[in-house]
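Here are the chains, one letter per residue:
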Amino acid sequence: MPQRSDAEATTTHADVSAAAVAEAAAWLRAGGLVAFPTETVYGLGADATQPEAVARIFEAKGRPRFNPLIAHVADTETARAHAAFDSRADALAAAFWPGPLTLVLPRSAHCGVAKLASAGLPSLAVRVPAHPVAQRLLRALGRPVVAPSANASGRLSPTTAEHVRHSLGARVDMILDGGPCAVGVESTILDLTRTPAVILRHGGISREALAEVIGAPEDATAAPADRPSAPGQLASHYAPGLPLRLNAREVRPDEGLLAFGADEPGGAALTHNLSPAGDLREAAANLFAHLHALDRPDLAGIAVVPIPAEGLGAAINDRLRRAAAPRPASSGGT
Ligand code: TXA
Ligand code: MG
């Protein structure tokens, strides 16, 4: 890991040096967090291929839950390695990348982005940012970078390095100061896993501009008030097929067990331990992969041991409660 010193933690010039970009890439490679400018807002970046680095993002933001994250890549070719493009995605990428458009696409068979970053979903949100500093960072690292807006949860999105310092301060390893963001609002998010395409969030590319390329998309944000409209809610997060039983102290022989810590109850048909060492960051990194592994038709259900509530435990418990909640009846009823 590079050594952090307060004097070096923040670059101070809009002209970011090659050395600063190399240092930022080194932080990312080492599993650290780097705030960097994009043309929309500053992002809080982590190496998308390292689950524990991704978990650290949620920790730093103090996010109450695991919203799926956007994977940033240097070019369309790299995006294709991680997500499955159709002809609409081809046309939109050609028209708007690099730029403030995020495409939600099926994860490719060889997708290298951690499952935690897509909150266990079979889809991946991907974008090619235009900001030169973001471009240089992505090329220096040579891997996708997941980055939510670099603000503490519930705070305004940062459009200057000073905003980031104020909101996240010591919770990031390094801030690359590329000056104020030109666009200033987040990217438009377009869901291409559906036909017609659906706008999940309005942003830097207008609906009209999208319509010129692929025809008029639907607008999920215009849903009636009694239906969820925030992107985080619309992204129906991964829900296991099996029922979940929370706070289990013992397990039945026909159940799978999601364990945590050293003393796991014995007797399960199959056990996956989120972190035998009791480390919540490791547990967050493993959560969706372990849920997937336990979600098998030959089991009757998944028993989950109590998970501590502090730190990332809050987000883990939130996710587990949602996964255990009764499922809403599928739409179409009265
Ligand atoms: O302009 C931007 O998009 C900025 C810069 C840093 O790139 N990033 C940003 O990220 O705004 P964030 O995490 O604040 O917002 C990402 C949104 C979330 O609302 C999330 O629910 C949605 O993208 N999202 C991510 N992956 C998704 C997926 N697979 N399906 C549906 N929605 C997804
Ligand atoms: Mg945000």
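Residues numbered from 1 in each chain as written. Chains lettered and ligands numbered in written order. Predicted model: local features only at pLDDT ≥ 70, side-chain atom pairs only at ≥ 80, totals over all residues. Heavy atoms only, no water.

(A) Here's a closer look at the overall build of the protein. Along the backbone of the protein there are 10 helices and 14 strands. Within the protein, the fraction of its 334 residues that count as buried is 51%. If you take every contact in the protein between residues at least 6 apart in sequence, the share linking residues at least 24 apart comes to 65%. Accessible surface for the protein amounts to roughly 14,400 Å². Of this, 53% is attributable to carbon and sulfur atoms. (Helix = DSSP H or I, 4+ residues; strand = E, 2+ residues; numbered from the N terminus. Buried < 20%, exposed > 50% of the residue type's maximum accessible area, 1.4 Å probe, protein only. Contact = heavy atoms within 4.5 Å. Areas by Shrake-Rupley, 256 points an atom, 1.4 Å probe, with all protein chains shown as cover.)

(B) Representation of the environment of Leu101 in the model. Considering the arrangement of structural elements, one finds Leu101 in strand 4 (residues 101-106). Each C-alpha atom of the pair Leu101 and Val128 lies 7.9 Å from the other, and the pair is 27 residues apart in sequence. Not counting residues up to four positions away in its chain, the partners in contact with Leu101 are Leu92, Phe96, Val126, Arg127, Ser187, Thr188, Leu190, Ile205 and Leu210.

(C) Here's a closer look at the site of ligand 1. The full set close to ligand 1 counts 24 residues, and Thr40, His72, Ser123, Ser187 and Arg201 are the nearest of them. Between His72 and ligand 1, the recorded distance is 2.6 Å, taken from a side-chain N or O atom to an oxygen atom. Within the contact set of ligand 1, an oxygen atom lies 2.5 Å away from a side-chain nitrogen or oxygen of Ser187. Considered on its own, ligand 1 offers 680 Å² of accessible surface; in the complex 95% of this is hidden by protein. Secondary-structure elements contributing two or more residues to the shell around ligand 1 are strand 3 (70-72), strand 5 (123-127), strand 9 (198-201) and helix 8 (231-234). Tallying contributions element by element places strand 5 first for the shell around ligand 1, with three residues. Per-class residue counts for the shell around ligand 1 are 13 nonpolar, seven polar and four charged. (Near = heavy atom within 4 Å. Polar contact = N/O pair within 3.5 Å; in protein donor to acceptor, adjacent residues only side chain to side chain. Nonpolar A, V, L, I, M, F, W, Y, C, P; charged D, E, K, R; others polar.)

(D) Structural view of the confidence of the model for the protein. With 88% of its residues at a pLDDT of at least 70, the protein reaches an overall mean of 89. Contacts of residues 5-13 to residues separated by more than four positions or lying in other chains number 14 contacts, the stretch itself having pLDDT below 50. Across residues 329-334, confidence stays below pLDDT 50; counting only partners more than four residues off in sequence or on other chains, it has zero contacts. (pLDDT = per-residue confidence, 0-100.)

(E) Just the packing of aromatic side chains, in detail. The final tally for this structure, using the stated rule, is three aromatic pairs. For the pair Phe58 and Phe66, a centre-to-centre distance of 4.9 Å together with 85 degrees between the ring planes defines the contact as edge-to-face. Phe66 carries the same exposure label as Phe58, and that label is buried. With a centroid separation of 6.3 Å and 75 degrees between ring planes, the pair formed by Phe66 and Phe288 is classed as edge-to-face. Of this pair, Phe66 sits in the loop between helix 2 (51-61) and strand 3 while Phe288 sits in helix 9 (residues 280-294), and the two are 222 residues apart along the sequence. According to the relative accessible area criterion, Phe288 is buried, its value standing at 1%. Among the aromatic residues, ring-to-ring pairing joins Phe58, Phe66 and Phe288 into one connected group. Against the face of Phe85 rests Arg80, its NZ or CZ located 4.8 Å from the ring centre. (Phe/Tyr/Trp six-rings, centres within 6.5 Å; stacked < 30°, edge-to-face > 60°. Lys NZ or Arg CZ within 6 Å of the ring centre and 35° of its normal.)

(F) The pairing of strand 14 (residues 301-304), seen in detail. Along strand 14, one buried face is formed by Gly301 and Ala303 and the opposite face, lined by Ile302 and Val304, is buried too. The pairing of strand 12 (residues 255-259) with strand 14 spans four bridges and is classified as parallel. Along strand 14, the bridge assignment pairs Gly256 with Ile302. (Pairing = 2+ DSSP bridges.)

(G) Molecular detail of the nonpolar core. Core analysis: the biggest nonpolar cluster contains 79 residues, and Phe66 and Val146 have the highest contact counts within it. The element contributing the most residues to this core is helix 9, with seven residues. Residues lining this core come from more than one domain, with at least three contributed by each of domain 1 (13-219) and domain 2 (244-324). (Core = buried A, V, L, I, M, F, W, Y, C linked by side-chain atoms within 4.5 Å. Domains from an automatic or database assignment.)

(H) Representation of the packing of helix 4 (residues 87-96) against helix 7 (residues 207-214) in the model. Between helix 4 and helix 7, the shortest axis-to-axis distance is 9 Å and the interhelical angle comes to 125 degrees. Between helix 4 and helix 7, the angle falls in the class oblique. Note on packing geometry: the crossing formed by helix 4 with helix 7 is right-handed. Between helix 4, through Arg88, Ala91, Leu92, Ala95 and Phe96, and helix 7, the contact on the second element is made entirely by Ala209, Leu210, Val213 and Ile214. (Axes fitted to C-alpha atoms, helices over the stretch in contact; angles between N-to-C directions. Parallel < 35°, antiparallel > 145°, perpendicular 65-115°, else oblique. Left-handed = near helix turned anticlockwise from the far one by under 90°.)

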